[in-house]
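Geometric and topological summary
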Amino acid sequence: MRMTDIAFGITEWDGVEPVHHSGDAGHAMWRTRTFGPEDNPVRVRMVEYSPGYEADHWCEKGHILLCLEGEMDTVLADGRAFKMKPGTSYQVADGAEPHRSSSVGGAKLFIVD
């Protein structure tokens, strides 16, 4: 990720309209901002998983993800599993390791991709 053409700015996340994304179970609410040029944008998201959330796909997009609240489980396609708790982050490159997330009790995440 190369971050270019992004002026200093502040985001009040409560003022960013949430978008509902259904999972196989539960849902995710994304508050998304996109920065930089169209040919190399940086997407920044505040994401909340409902209790019982299960992603509806294997994700191959690279992310840097920080768990802010709650807990989230991430499983990689090779079977490895990780529990994300507040203050825990992960990073993965585009196309590197397909991953899928779920949350029993709900979670709040900060994601950059």
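Everything discussed here concerns the structure shown above.
No experiment lies behind these values; they were computed from the predicted model shown.

Overall, antiparallel pairing links the six strands, which are arranged β1-β2-β3-β10-β5-β8 in an open sheet. The two strands at the open ends of the sheet, each matched to only one other strand, are β1 (19-22) and β8 (89-92). Strand-to-strand, the axes of this sheet are offset by a mean angle of 25 degrees, without reference to chain direction. The pairing of strand β2 (residues 27-35) with strand β3 (residues 42-49) spans eight bridges and is classified as antiparallel. Looking at the pairing, Trp30 lines up with Val47 of β3.

Scanning the model with the defined rule gives eight salt bridges in all. A salt bridge links Asp113 to Arg43, with the nearest nitrogen and oxygen atoms 2.7 Å apart. One end of the pair, Asp113, is in the segment after β10 (107-112); the other, Arg43, is in strand β3, with 70 residues separating them in the sequence. Taking relative accessible area as the criterion, Arg43 reaches 26% and is therefore assigned partly exposed. When the shortest N-O distance is used, the salt bridge between Asp78 and Arg80 registers 2.9 Å. Taking the relative accessible area as the measure of exposure, Asp78 reaches 53% and is therefore exposed. For Arg80, a relative accessible area of 38% puts it in the partly exposed group. Bridged by salt links that share partners, the residues Arg43, Arg45 and Asp113 form one connected network.

Rules of the game
Residues numbered from 1 in each chain as written. Predicted model: local features only at pLDDT ≥ 70, side-chain atom pairs only at ≥ 80, totals over all residues. Heavy atoms only, no water. Pairing = 2+ DSSP bridges. Helix = DSSP H or I, 4+ residues; strand = E, 2+ residues; numbered from the N terminus. Axes fitted to C-alpha atoms, helices over the stretch in contact; angles between N-to-C directions. Salt bridge = Lys/Arg side-chain N within 4 Å of Asp/Glu carboxyl O. Buried < 20%, exposed > 50% of the residue type's maximum accessible area, 1.4 Å probe, protein only.

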